[in-house]
Amino acid sequence: MDTNPPTGVVTGPEVIERGVLEIVSALVKELRGSTSPVPVALGSSLERDLGISSLERVELLLRLERRFGVRLPEETVAGAETSAELVAALSRAAPGSREPVPHLRPAVGAATGAPVGAHTLLEALQWHVQATPDRAHIFLQEDGGERPITYRALWDGARDVAAALAERGVAPGDTVALMLRTEEAFFRTFAGVLMAGAVPVPMYPPVRADRIAEYAHRQAAILRNAGSRLLVTFADADRVGSILRGVVEPLREVIDVDRLAPNRPGGTAIHAGPDSPALIQYTSGSTGDPKGVLLTHGNLLANIRAIGQAMDVRPDDVVASWLPLYHDMGLIGAWLGALYFGLPVVILSPLTFLSRPSRWLWAIHAHRATISPAPNFAFDLCVSKVADEEIEGLDLSSWRLALNGSEAVSADTIARFTRRFAPYGFRPDAMYPVYGLAEASVGLTMPPLSRPPRIDAIAREPYQRAREIRPADAGDPQPLRFVSCGKPLPGHELRVVDEEAQALGQRTLGRIQFRGPSVTTGYFRNPAATRAAFAGDWLDSGDFGYWADGELFVTGRAKDLIIRGGRNITPHEAEEIAGAVDGVRKGCVAAFGVHDAAVGTERFVLVAETRLTDESRREELRAEVAARVTDALGVPPDHVVIVSPGTVLKTPSGKIRRTATREAYETGRLLAGRRSVAAQWASLLGEGLQARLTRALGLASRVVFTSYIVILLATTLPFWALVYVVPRGRAVARLMKRWSRLMLMLTGLSPRVSGLEHLRSAGPAMIVANHASYIDVIVLMAVLPGDVRFIAKGALADIPVVGAVIRRAGHITIEKAEFSQRLAGADEITQALGRGISIAVFPEGTFFRSAGLLPFRLGAFRAAVEAGRSVVPVALRGTRAVLPDGTWLLRRSPIAVVIGAPLAPVASGWPEFVRLRDLARAEIARCAGETAIESGPG
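It should be emphasised that the depicted structure is a prediction, and the values quoted were computed from it without experimental measurement.

Caption draft 1: Molecular detail of the packing of aromatic side chains. Scanning the entire structure with this criterion turns up 27 aromatic pairs. Aromatic pair Y340 and F341: ring centres 4.9 Å apart, planes at 85°, arrangement edge-to-face. Per residue, the accessibility class of Y340 equals that of F341, and both read buried. Plain terms: the ring middles of F379 and F417 are 5.0 Å apart, the flat faces sit at 85° to each other, and that makes the pair edge-to-face. One end of the pair, F379, is in helix α14 (residues 376-385); the other, F417, is in helix α15 (residues 411-421), with 38 residues separating them in the sequence. Judged by its relative accessible area of 0%, F379 is buried. Members of the aromatic cluster, each reached through a chain of ring pairs, are W322, F353, W360, F377, F379, W399, F417, F421, Y424 and F426. Between the NZ or CZ atom of K291 and the centre of the ring of Y523, over which it lies, the distance is 5.3 Å.

Caption draft 2: Here's a closer look at the sheet that holds strand β30 (residues 752-754). The strand order across the open sheet formed by 7 strands is β30-β36-β35-β31-β34-β32-β33, and the pairing between neighbours is mixed. The sheet is open, and its two borders are formed by β30 and β33 (812-814), each paired with just one other strand. On average, adjacent strands in this sheet sit at an angle of 25° to one another, irrespective of strand direction. Pairing of strand β31 (residues 765-769) with strand β35 (residues 870-877), which is carried by 5 bridges, proceeds in the parallel orientation. Across the sheet, V768 pairs through a bridge with P873, a residue of β35. Relative to the sheet, helix α25 (residues 776-783) contacts β30, β31, β32 (789-793), β35 and β36 (896-899), its axis offset from that of β35 by approximately 120°.

Caption draft 3: How the structure looks around the side chain of R420. Within the fold, R420 resides in helix α15. Those residues within four positions of R420 in sequence are excluded, and the remaining contacts are V383, V386, A387, D388 and I391.

Caption draft 4: Local environment of the nonpolar core. Counting 124 residues, the largest nonpolar core has W335, W360 and W399 as its most contacted members. Setting aside chain neighbours within four positions, we find W399 in contact with W360, L361, I364, A369, T370, I371, S372, F379, F417, F426, R427 and A430. Ranked by size, the runner-up nonpolar core spans 40 residues in total, among them L712, L735, V874 and I895.

Caption draft 5: Fine view of the pairing of strand β17 (residues 455-458). Alternating residues of β17 divide into D456 and I458, all buried, and I455 and A457, none buried. When β17 meets strand β18 (residues 480-483), the two strands line up antiparallel, connected through 4 bridges. Bridging from a neighbouring strand, I458 pairs with L480 of β18.

Caption draft 6: Inspection of the packing of helix α28 (residues 859-867) against helix α30 (residues 910-928) at higher detail. Running from amino to carboxyl end, α28 crosses α30 at an angle of 120°, the nearest separation of the two axes being 9 Å. Taken together, α28 and α30 sit at an angle that is classed as oblique. Where α28 crosses over α30, the handedness of that crossing is right-handed. Where α28 approaches α30, its residues F861, R862, V865 and E866 are matched on the opposing element by E912, F913, L916, R917 and A920.

Caption draft 7: Here's a closer look at the sheet that holds strand β5 (residues 175-178). Strand order in the open sheet made by the 4 strands is β6-β5-β7-β8, with parallel pairing throughout. Here the strands that pair on one side only, and so sit at the sheet edges, are β6 (199-202) and β8 (253-256). Averaged over all pairs of adjacent strands, the angle between strand axes in this sheet comes to 25°, irrespective of strand direction. With 4 bridges connecting them, β5 and β6 associate as parallel partners. Across the sheet, A177 pairs through a bridge with V201, a residue of β6.

Caption draft 8: Region of interest: α28. The complete set of buried residues in α28 reads A860, F861, A863, A864 and V865. Downstream of α28 by a residue or two, G868 has a phi angle that is positive, lying close to 70°.

Caption draft 9: Quick look at a nonpolar patch on the surface. Judged by side-chain polarity, Y708, L742, M745 and L746 come together as a nonpolar surface patch covering roughly 340 Å² of accessible area. It is helix α23 (residues 730-746) that provides the largest number of residues to the nonpolar patch, a total of 3 residues. Examined against the element boundaries, L742 turns out to sit in helix α23.

Caption draft 10: How the structure looks around the pattern of salt bridges. The tally for this structure, following the rule as stated, stands at 33 salt bridges. Linking R229 and D174 is a salt bridge whose minimum nitrogen-to-oxygen distance equals 4.0 Å. Residue R229 is found in the loop between α8 (212-226) and β7 (230-233), and its partner D174 is found in the loop between α6 (151-167) and β5; the two are separated by 55 residues along the sequence. The class of R229 is partly exposed, set by a relative accessible area of 40%. Of the residues examined, D174 reaches a relative accessible area of 13% and is grouped as buried. Of the charged contacts in the structure, one is a salt bridge between R454 and E551, with a shortest N-O distance of 3.9 Å. A residue pair is termed long-range when its members are at least 10 positions apart, and R454 in the loop between β16 (445-446) and β17 and E551 in strand β24 (residues 551-557) qualify at 97 residues. Residue E551 is classed as buried on the basis of its relative accessible area of 5%. One network of salt bridges, in which partners are shared, links R451, R454, D549 and E551.

Caption draft 11: Summary view of α15. Listing the buried residues of α15 in full gives A411, T413, I414, F417, T418, R420 and F421. Tucked inside the fold, the buried residues of α15 contact α13 (358-367), α14, β14 (401-404), β15 (431-433), β17 and β18. The distance from a side-chain oxygen at the start of α15 to the backbone nitrogen of D412 is 3.2 Å, and the residue carrying that oxygen is S410.

Caption draft 12: Representation of the confidence of the model for the protein. Overall, the prediction assigns the protein a mean pLDDT of 84, with 88% of residues at 70 or greater. Counting contacts from residues 817-825, a segment whose pLDDT is below 50, to residues more than four positions away or on other chains yields 7 contacts.

Rules behind the numbers
Residues numbered from 1 in each chain as written. Predicted model: local features only at pLDDT ≥ 70, side-chain atom pairs only at ≥ 80, totals over all residues. Heavy atoms only, no water. Phe/Tyr/Trp six-rings, centres within 6.5 Å; stacked < 30°, edge-to-face > 60°. Buried < 20%, exposed > 50% of the residue type's maximum accessible area, 1.4 Å probe, protein only. Helix = DSSP H or I, 4+ residues; strand = E, 2+ residues; numbered from the N terminus. Lys NZ or Arg CZ within 6 Å of the ring centre and 35° of its normal. Pairing = 2+ DSSP bridges. Axes fitted to C-alpha atoms, helices over the stretch in contact; angles between N-to-C directions. Contact = heavy atoms within 4.5 Å. Core = buried A, V, L, I, M, F, W, Y, C linked by side-chain atoms within 4.5 Å. Parallel < 35°, antiparallel > 145°, perpendicular 65-115°, else oblique. Left-handed = near helix turned anticlockwise from the far one by under 90°. Patch = residues over 30% accessible without salt bridge, like charges linked within 9 Å, V, L, I, M, F, W, Y side chains within 5 Å. Areas by Shrake-Rupley, 256 points an atom, 1.4 Å probe, with all protein chains shown as cover. Salt bridge = Lys/Arg side-chain N within 4 Å of Asp/Glu carboxyl O. Polar contact = N/O pair within 3.5 Å; in protein donor to acceptor, adjacent residues only side chain to side chain. pLDDT = per-residue confidence, 0-100.

Encoded structure:
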């Protein structure tokens, strides 16, 4: 007898509670394979206690909706932590249990073209605003409805955001963190940050309450690296924002995006060029801590144009995407690509897809979408979670490019999806495996059009023994199968190299390196990672792969490769085999190697999640996983660890974090279990209080230190009087050198100096240094010979005492107001160099609080070339930490001065000016540990 109430019947709180507990208990019983009911309490954690995670919640949602005849909001799938929260959601839910079938939407019409002359994303947007201001660009699906956003609306909203940011002190070149959901506010805020001349830093928003501690720690690391002083978020995330503000020192303000409104109408966009920063895209961190990939407008437009050429983007194409907007594939590959080409783009939230995968397919159907990207797991999810009754009448025949990327592409997934949805119009040649990474903006290789995916079957034994790529025999029962990702995008190059960076030929496994116009110049404020990634102008992807018939086959991450007893094991394959064992949670397996010094090789470890709780059944599962993997790979795992749901660590985009899981395994944290939500919040609050206390003590220390320096300056006033007494010229310069040394010694700031021999060998020279702080001049005066003359702004000569030092020591001043005055100053510098006087200059001209080497002006290098003198690069490290821009409070910090080898001019004219500038800037950036950037605040 059916005891379920009929659809649409309103039930009381007690009935809802009882029904929820019955449904949850029944689902857990099925998942665990239990023969007896599973006790469930209203306060039981769905994932930590019961093993119901994201994918299982889809089934739970459907059962609840059928039972109670309601429609639950998407947030319930990802946000509910306990059965009690499900009860509350059901009490508020609207009637109606069947997913409505969307109607075909009217076609927007062909695009008017692409702004081929645009140099920045804003210029591209402005071009479309001027050409077709009222054309719908974004179709945003939210709350069960759909809202079009026109180009004019996007531009006007961005202007308001830019004006509001300017009112809050955001200057050109500042980074602004965006912790926003997939909503209208994201698009206008992203464009508004660019319009303000700032650099957006997208971050994924908080979703899982039970992982709040892990989330906060990762986002805090990003905010510290980005140096963002402003975080734009949404109302529900205010609590998290407050925690982050407490533990991240640069972060000064967290603002709800709905309150980000100007006091007066927005102004005009700040001018930017193709070399201006447009985005810092933080990598997912699947093999380590997230690194900020700095991308310019030129990088992004080059990648978008190359992708458009490879995919033959057409004016009547329509894009559909549910991918997160904080991820490169969703942000650049879907939205910004559609923006440039003027294509309509249908945007769903990731929660919409995870709660009801069929909505993605129906969005393609309703808008007759032609291009839609997704990672490999999404295609598998549609096969396993979309029921036939959900897609009656579905038509996928318009879908010409189903881009499959962002993670390893599985030949089995391709076959399953194509077979499952062929009756609904999906064509085999629409599946489009691609390869890319954030360091290349988003895309790097794509296969030929109108061809089914190419699968390469290779012999397992030669690959495992010697990394040899040999075609498998026709009767090989267990070949390795890799999917072709095609050829490099137009204008880009790719090579496969050995350990000595020598290019390899066909069917030889090696590391994948690439270069091209869309490739980043480096990781933001991470010179060590930048140096490690580049081999000349080639960037190492960190992936293994091989060429076959001119196409690239990616075999996996180089860091993840397991080498056991001379055999090479691909983690992804081992994980797929283990994930196919009944009782193991598919997609929740991590395979990695752990070095064993005793035997001189790696131990092969598999960590697999299960919902089973009975220890004897877990032991049986452990044996079954080991047997299956051994049979398939010919290599037995040394240790199979069966763990509870949520133990295997993943990135926000769902990739397995093998390195982090291995570290948890090695340190014993893997089996420690996750703390309760309350315990995590308490820990975060404690960390915030500790951070605030530390900052308060640091502020007090800086006040004391600054007061001490002020007293020192007061006691040395008689010393300054000597400036007016000693003879002009060299005597004043040497006096200031002694004063600078004395002050640095008494304050504990004496720099560590290296490379003084380069100054002695250079003779009279043009000395160029990076500029990071007001104390740079004092440091250089203390280090450089007393007869070196500095270049100063003319306005400084009018300041008491400072002006006297400049005039009496013979330093050169340049007036910057008039062009003729600047030329006269440049001639004076050239003449001084010609007379054998060494000159010191800061070619950046100014400095800012955030790290980064600004562009160098050419005047100093022109003077050196025309006078026939060498350029000596000098790198200052640590002065920015002592006295950063925007404050007069000093702190103790180690200072280093690195004097580079002289760079002698070998020719004349403009090309030589540029050559010397670029050589000096590269050397200073390397020694100073700062990334060279192409623009900055102001």
